[in-house]
Amino acid sequence: MSEEQKESVVNPYERACRHCGQPMSKWLATHNDWGDGMGFCTDIMLVCFNDECPIYVKGWNTLYDKYRKVGSVRHFYNPDDGFQGVLPVGHKDALRGDIVA
């Protein structure tokens, strides 16, 4: 691979949130099983922890209005397969304990 080709390869662990454009954080997904107990089938995912991200801000009202639950959502991206979605959070600091450098 030439030097020019190496520079054009995108690092899958560097990505901006599609909702706010802010850099997403590496998040340890292996210790988090949701509902079915199967986990995410990956060790690291990218999660937007920007508290001003529109999907996070709007999520507080959306979850309460639709489900009468207090919480919001944060955007995630799986660099292994490209799958994107949202993770539920019950408070501002939820999931932050598993952010990795």
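Described below are features of the structure shown in this document. None of these values were measured; they are calculated from a predicted model.

**Overview of the nonpolar core**
- Ranked by internal contacts, the top residues of the largest apolar core, which has 18 residues, are M24, W27, F40, M45, V47, L87 and L95.
- Here the element with the most residues in this core is strand β2 (residues 44-47); it accounts for three residues.

**A look at the pattern of salt bridges**
- Tallied over the full model, the rule gives four salt bridges.
- Ionic pairing is found between D93 and R96, a salt bridge with its closest N-O pair at 3.7 Å.
- Exposure remark for R96: the relative accessible area of 27% places this residue in the partly exposed category.
- Put simply, D51, R74, K92, D93 and R96 are held in one network by salt bridges that share partners.

**Looking at the sheet that holds strand β1 (residues 25-28)**
- Taken together, four strands build an open sheet; the order of strands is β1-β2-β3-β4 and the sheet is antiparallel. Each having just a single partner strand, β1 and β4 (84-89) make up the two edges of the open sheet. If you compare each strand with its neighbour and ignore which way they point, the axes differ by 45 degrees on average.
- Across two bridges, the pairing between β2 and strand β3 (residues 72-77) is antiparallel. Residue pairing across strands places V47 opposite F76, the latter belonging to β3.
- Packing against the sheet, helix α2 (residues 54-67) makes contact with β3 and β4, and its axis sits at approximately 135 degrees to β3.

**Let's talk about the packing of aromatic side chains**
- Per the stated rule, a full pass over the model turns up two aromatic pairs.
- Taking the centre distance of 5.7 Å and the plane angle of 80 degrees together, the rings of Y56 and W60 count as edge-to-face. Here W60 and Y56 lie together in helix α2, a separation of four residues that amounts to about one turn.
- Residue classification places Y56 among the buried positions, given a relative accessible area of 5%.
- Measuring from centroid to centroid gives 5.8 Å for F76 and F83, while their planes differ by 45 degrees, and the two rings are tilted.
- Looking at R15, its charged tip hangs above the ring of Y77, at a distance of 3.8 Å from the centre.

**Side note on α2**
- An ideal rise of 1.5 Å per residue puts 20 Å on 14 residues; α2 measures up with 19 Å between its terminal C-alpha atoms.
- A maximum bend of about 35 degrees is found in α2 at W60.
- All of the buried residues along α2 are Y56, G59 and L63.
- Downstream of α2 by a residue or two, R68 has a phi angle that is positive, lying close to 55 degrees.

So, how was this worked out
- Residues numbered from 1 in each chain as written.
- Predicted model: local features only at pLDDT ≥ 70, side-chain atom pairs only at ≥ 80, totals over all residues.
- Heavy atoms only, no water.
- Core = buried A, V, L, I, M, F, W, Y, C linked by side-chain atoms within 4.5 Å.
- Buried < 20%, exposed > 50% of the residue type's maximum accessible area, 1.4 Å probe, protein only.
- Helix = DSSP H or I, 4+ residues; strand = E, 2+ residues; numbered from the N terminus.
- Salt bridge = Lys/Arg side-chain N within 4 Å of Asp/Glu carboxyl O.
- Pairing = 2+ DSSP bridges.
- Axes fitted to C-alpha atoms, helices over the stretch in contact; angles between N-to-C directions.
- Contact = heavy atoms within 4.5 Å.
- Phe/Tyr/Trp six-rings, centres within 6.5 Å; stacked < 30°, edge-to-face > 60°.
- Lys NZ or Arg CZ within 6 Å of the ring centre and 35° of its normal.
- Expected span 1.5 Å × (residues − 1).
- Bend = angle between axes of the 7 residues up to and from the residue.

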